[in-house]
Amino acid sequence: MSLNECGCSPAEILIFPCSGGSNVGQIANAAAVKLTLDGVGKMFCLAGLGGHIESMIASAKAARRVVAVDGCGVACARETLQHAGFEVTDHVVVTELGIQKQYDLTVPEAEVEKVAKRVRESLGAIAPTVRAIAAMG
Ligand code: SF4
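My aim in this report is to walk through the structure given alongside it, one point at a time. Every chain begins its residue count from 1, and numbering advances along the sequence as written. Whole-chain, interface and lining totals are the exception, using all residues; otherwise, since this is a predicted model, local features are given only for residues with pLDDT of at least 70 and side-chain atom pairs are given and counted only at 80 or more. Here the side-chain values reflect all heavy atoms present in the structure, with hydrogen atoms and water set aside.

## Things to note about the sheet that holds strand β2 (residues 42-43)
And then number 1: Strand pairing follows a simple DSSP-based rule, namely that at least 2 bridges must link the two strands. Put simply, DSSP marks the helices as runs of H or I at least four residues long and the strands as runs of E at least two long, and each gets a number from the N terminus on. Strand order in the open sheet formed by four strands is β2-β1-β3-β4, and the pairing between neighbours is parallel. Of all the strands in the sheet, the pair left with one neighbour each is β2 and β4 (90-93).
And then number 2: Pairing between strand β1 (residues 13-17) and β2: two bridges, direction parallel. Bridge pairing in β2 links Ile15 to Met43.

## Thoughts on helix α1 (residues 23-37)
Each α-helix turn comprises 3.6 residues. Residues three or four places apart therefore point the same way.
And then number 1: Here a helix's expected span is defined as the number of its residues, less one, multiplied by 1.5 Å. The end-to-end C-alpha separation of α1 is 21 Å, in line with the 21 Å expected for 15 residues at 1.5 Å each.
And then number 2: Relative accessible area decides the class of each residue, using a 1.4 Å probe on protein chains only: under 20% of the type maximum gives buried, over 50% gives exposed, and in between gives partly exposed. If you check which residues of α1 are buried, you get Asn23, Val24, Gly25, Ile27, Ala28, Asn29, Ala31, Ala32 and Leu35.
And then number 3: The contact criterion used is simple: two residues touch if any of their non-hydrogen atoms lie within 4.5 Å. Next to the buried residues of α1 lie β1, β2, β3 (65-70) and α5 (109-124).
And then number 4: Gly39 occupies a position one or two residues after α1 and carries a positive phi of about 80°.

Structure below.
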């Protein structure tokens, strides 16, 4: 499968893991790292957007796909992005893939791959062009 079936270049695909303090948060983080190293997209600083750092919001506005990878259904990454004014085009939740939330911070490679695969599948689907609607910046 082509990594860019949506027609976006990796630089136009920004990936925001929640990076939470649990196994699933860290699996989300590791999946974002893997997807970045594999050239699928570019991991971006969620905290920068949450902190309303203007230069980072301006950079993120150029994205055509905004991918939130959340550890669990609380969906902190998606909520943070929306709060900053961004439309989330792709949302993957680790616990929805049969991975239970625990607090041992273990990051099994097979689970990271499972999440990365789900993100790739989402990006392969036809999706709307992202409109960054951030009012600030
Ligand atoms: S989405 Fe879940 S795992 Fe991620 S930061 Fe929020 S509560 Fe933690």
